Structures are given as structure tokens and as C-alpha cells.
Amino acid sequence: MSDPTYTPPKVWKWESESGGTFAKINRPIAGPTHDQELPVGEHPLQLYSLATPNGVKVTVMLEELLEQGIKGAEYDAYPIKIGDGDQFGSGFVELNPNSKIPALVDRSADPAIRVFESGNILLYLAEKFGAFLPKDIAKRTETLNWLFWQMGSAPMLGGGFGHFYAYAPEKYEY
Ligand SMILES: N[C@@H](CCC(=O)N[C@@H](CS)C(=O)NCC(=O)O)C(=O)O
């Protein structure tokens, strides 16, 4: 247990061993920590992700597109083990400099298009395949209201609560 009278320093420094179940993720660093190429499969879409709440959004979308018979939505999926630090490998950082899953590459474009941020991936796929995003301005806006809500508001509450309730190495009600 650290000092409960902790006073934030004037200039914050990263104490890398601050502990917690997820001490290895959300590291305040930029750039790769090691060389690690990403695998590439046979389909135009390459997904680098994991079955987390942000990760599954894209898989659900791709599966729904396939369910509609959209063959172009075939994809190869590769796990990025964020607990092992795969998100800081050179290949992945080139794809998403923010080192977070999910990330997608569309190799049907020349040059290939990288897409990161789960909401942007959903939007990209919706626009690419003309699905799940109405053209009518009112309906499109209502869809985007909820897309932006789930990106900007839901994680603040759900993620913030989950972190302090379950994962933070010290518990306090605030
Ligand atoms: N706003 C981002 C958040 C992505 C995100 O937080 N991904 C987590 C897993 S759900 C991650 O990759 N964490 C690894 C890390 O922070 O080191 C999105 O929606 O894509």
C-alpha cells in the first residue's frame, strides 16, 4: 500500500512498477519497445486484435457484414497479446502509434490503408461496404450519436469504474 497522503509532484514521472493487474498495459511511452513483424494472411482485411470490449466490436461488425453476404469482408485475424506487450512491437506500432488494439489494415487499397480506433474502424467498414450507416441525414446522425457516445462516454464511466473497483492496486471509494 502506498502512502495515502500522496501529493502529486509538480512534474509527473512514470513509476513503471506501480503494480496492478494491468501494470503492463496503458504504458505512457511512445514508439516500439522491440522488433516484431506482424503476420499477414490471404484476405484483403487484416485484423490485429483481442477479445476485449474494444476488440470484439470489430469482429462483431465483420461477422455481421459476412452474414449479409458481403464477401469483401473476409478477414484474417491475429491476436495481439496486450498482457505480453505485443502492442509495443514495431509492426503493430507502425499500424497504431497509440499501441492499442483493435487495428485493421485494408490491403485491397494501394497503398494499403491502416485504420485504428474501434469507432473509426466501424465507420470505415460501414462506409466501405455501404452497410449499417443510413444515408438519410437524420438516421445517419442518430447512428453516429451512439457511435460517438460509445467511444467518448461509455468508456469514461464503465472503464473508469472497472479500473478503480477491480484492478487498481489500492482500493478507495473515490
Ligand atoms: N479508444 C480505443 C481504445 C482501445 C483500447 O483501450 N484497447 C485496449 C484493449 S481494450 C488496449 O489495447 N490496451 C493495451 C494498452 O493500453 O497497452 C479504441 O476504441 O480503439
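These numbers come from a predicted model, not from an experiment. (Residues numbered from 1 in each chain as written. Predicted model: local features only at pLDDT ≥ 70, side-chain atom pairs only at ≥ 80, totals over all residues. Heavy atoms only, no water.)

Quick look at the site of the ligand
Of all residues adjacent to the ligand, which total 14 residues, the nearest are Q87, K100, I101, E117 and S118. Between the ligand and N54, the relevant distance is 3.4 Å, taken from an oxygen atom to a side-chain nitrogen or oxygen of the residue. Between the ligand and Q87, the relevant distance is 2.7 Å, taken from an oxygen atom to a side-chain nitrogen or oxygen of the residue. If the ligand stood free it would expose 510 Å²; the protein chains cover 84% of that surface. When the residues that make up the shell around the ligand are grouped by side-chain class, the tally is six nonpolar, six polar and two charged. (Near = heavy atom within 4 Å. Polar contact = N/O pair within 3.5 Å; in protein donor to acceptor, adjacent residues only side chain to side chain. Areas by Shrake-Rupley, 256 points an atom, 1.4 Å probe, with all protein chains shown as cover. Nonpolar A, V, L, I, M, F, W, Y, C, P; charged D, E, K, R; others polar.)

Remarks on the domain arrangement of the protein
For the protein, the assigned domains are domain 1 (22-133) and domain 2 (134-164). The distance between the C-alpha centroids of domain 1 and domain 2 comes to 19 Å. Facing nine residues of domain 1, the contacting portion of domain 2 comprises eight residues. R140 serves as the salt-bridge partner of E127, at 3.8 Å between the closest nitrogen and oxygen. Viewed at the interface, domain 2 and domain 1 are joined by one residue pair in polar contact (both at pLDDT 80 or more). Examining the composition of the side of domain 1 that touches domain 2, we find that five residues originate from one element, helix 3 (residues 118-129), more than from any other. Here the side of domain 1 that touches domain 2 is composed, by residue class, of four nonpolar, two polar and three charged. (Domains from an automatic or database assignment. Contact = heavy atoms within 4.5 Å. Salt bridge = Lys/Arg side-chain N within 4 Å of Asp/Glu carboxyl O. Helix = DSSP H or I, 4+ residues; strand = E, 2+ residues; numbered from the N terminus.)

Considering the pairing of strand 2 (residues 75-79)
Sheet topology places strand 1 (residues 45-49) next to strand 2; five bridges connect them, and they run parallel. Within strand 2, the position partnered with Y48 by the bridge is Y78. Once you follow strand 1 into helix 1 (residues 53-67) and on to strand 2, the crossover reads as right-handed. (Pairing = 2+ DSSP bridges. Right-handed = clockwise from strand over helix to strand, strands pointing away.)

With respect to the nonpolar core
In a soluble, globular protein the nonpolar side chains are often hidden away together inside. Membership of the largest hydrophobic core comes to 21 residues, with the highest contact counts inside it found for L45, L62, L65, L104, L125 and F129. Among the elements of the structure, strand 1, helix 1, helix 3 and helix 4 (137-152) are those that each provide at least two residues to this core. The element contributing the most residues to this core is helix 3, with six residues. If sequence neighbours within four positions are ignored, L104 has contacts with L45, Q46, L47, L95, I113, R114, V115, I121, Y124 and L125. (Core = buried A, V, L, I, M, F, W, Y, C linked by side-chain atoms within 4.5 Å. Buried < 20%, exposed > 50% of the residue type's maximum accessible area, 1.4 Å probe, protein only.)

Structural notes on a nonpolar patch on the surface
Among the surface-exposed residues, Y6, W12, W14 and I29 lie close enough to one another that they form a single nonpolar patch of about 450 Å² accessible area. For W12, the position within the fold is in the segment before strand 1. Owing to a relative accessible area of 53%, W12 belongs among the exposed residues under this scheme. (Patch = residues over 30% accessible without salt bridge, like charges linked within 9 Å, V, L, I, M, F, W, Y side chains within 5 Å.)

Quick word on the packing of helix 1 against helix 3
Running from amino to carboxyl end, helix 1 crosses helix 3 at an angle of 10°, the nearest separation of the two axes being 9 Å. The angle between helix 1 and helix 3 places the two elements in the roughly parallel class. Of the residues in helix 3, those in contact with N54, K57, V58, M61, L62 and L65 of helix 1 are S118, I121, L122, L125, A126 and F129. Residues belonging to the contact of helix 1 with helix 3 are distributed by class as follows: nine nonpolar, two polar and one charged. (Axes fitted to C-alpha atoms, helices over the stretch in contact; angles between N-to-C directions. Parallel < 35°, antiparallel > 145°, perpendicular 65-115°, else oblique.)

Digging into unusual backbone geometry
In this structure, P102 follows I101 across a cis peptide bond, with omega equal to 0°. By the element assignment, P102 lies in the loop between helix 2 (90-95) and strand 3 (103-106). For the bond running from D110 to P111, omega is 0°, close enough to zero to count as cis. Here P111 is to be found in the loop between strand 3 and strand 4 (113-116). Phi is positive for N26, close to 55°, though the residue is something other than glycine. Of note, F132 is a non-glycine position whose phi angle comes to about 65°, a positive value. Mapped onto the fold, F132 is located in the loop between helix 3 and helix 4. You can call F132 partly exposed: its relative accessible area is 42%.

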